[in-house]
Amino acid sequence: MLYKKINVELIVVADEAEAVIGELNSALDQMEERYTLFGGGIETVAVKHPGARKRSALAHTIAAGESVADALKVARESVTTALRAVI
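Residues numbered from 1 in each chain as written. Predicted model: local features only at pLDDT ≥ 70, side-chain atom pairs only at ≥ 80, totals over all residues. Heavy atoms only, no water.

Moving on, we get to the overall build of the protein chain. When helices and strands are tallied, the protein chain shows two helices and zero strands. The burial tally for the protein chain puts 2% of its 87 residues in the buried class. Working note: accessible area of the protein chain is about 8,600 Å², and carbon and sulfur atoms make up 58% of it. (Helix = DSSP H or I, 4+ residues; strand = E, 2+ residues; numbered from the N terminus. Buried < 20%, exposed > 50% of the residue type's maximum accessible area, 1.4 Å probe, protein only. Areas by Shrake-Rupley, 256 points an atom, 1.4 Å probe, with all protein chains shown as cover.)

As structure tokens, then:
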């Protein structure tokens, strides 16, 4: 059987690390109910991050998705308004 190993690396503010780990563990528990997961674990290492915090690729993707969702909502409302005007 073929397997794939998935690595995820996150950098969070040290004060928020425990909360993030708790939510990640909860998410993993939920995934284990739906999928067959083998092994895994969460490893933490202290790092110093120089400079200002930048948006991750995930943050950019989420922001783009929200923009698309907002645009679709506006379009749906416009179509609904137009249909009401016609009827």
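Picking up where we left off.
The tally for this structure, following the rule as stated, stands at one aromatic pair. Note on Y3 and F38: the rings are 5.2 Å apart at their centroids and 85° apart in plane angle, and the pair reads as edge-to-face. Highlighted residues: Y3 in the segment before α1 (17-34) and F38 in the loop between α1 and α2 (57-86), separated in sequence by 35 residues. Residue Y3 shares its accessibility class with F38, and that shared class is exposed. (Phe/Tyr/Trp six-rings, centres within 6.5 Å; stacked < 30°, edge-to-face > 60°.)

Further remarks concern a nonpolar patch on the surface. Together, I6, V8, L10, V12, L24, L28, M31, Y35, L37 and I42 make up a nonpolar patch on the protein surface, roughly 900 Å² of accessible area in all. Within the fold, I42 resides in the loop between α1 and α2. (Patch = residues over 30% accessible without salt bridge, like charges linked within 9 Å, V, L, I, M, F, W, Y side chains within 5 Å. Salt bridge = Lys/Arg side-chain N within 4 Å of Asp/Glu carboxyl O.)

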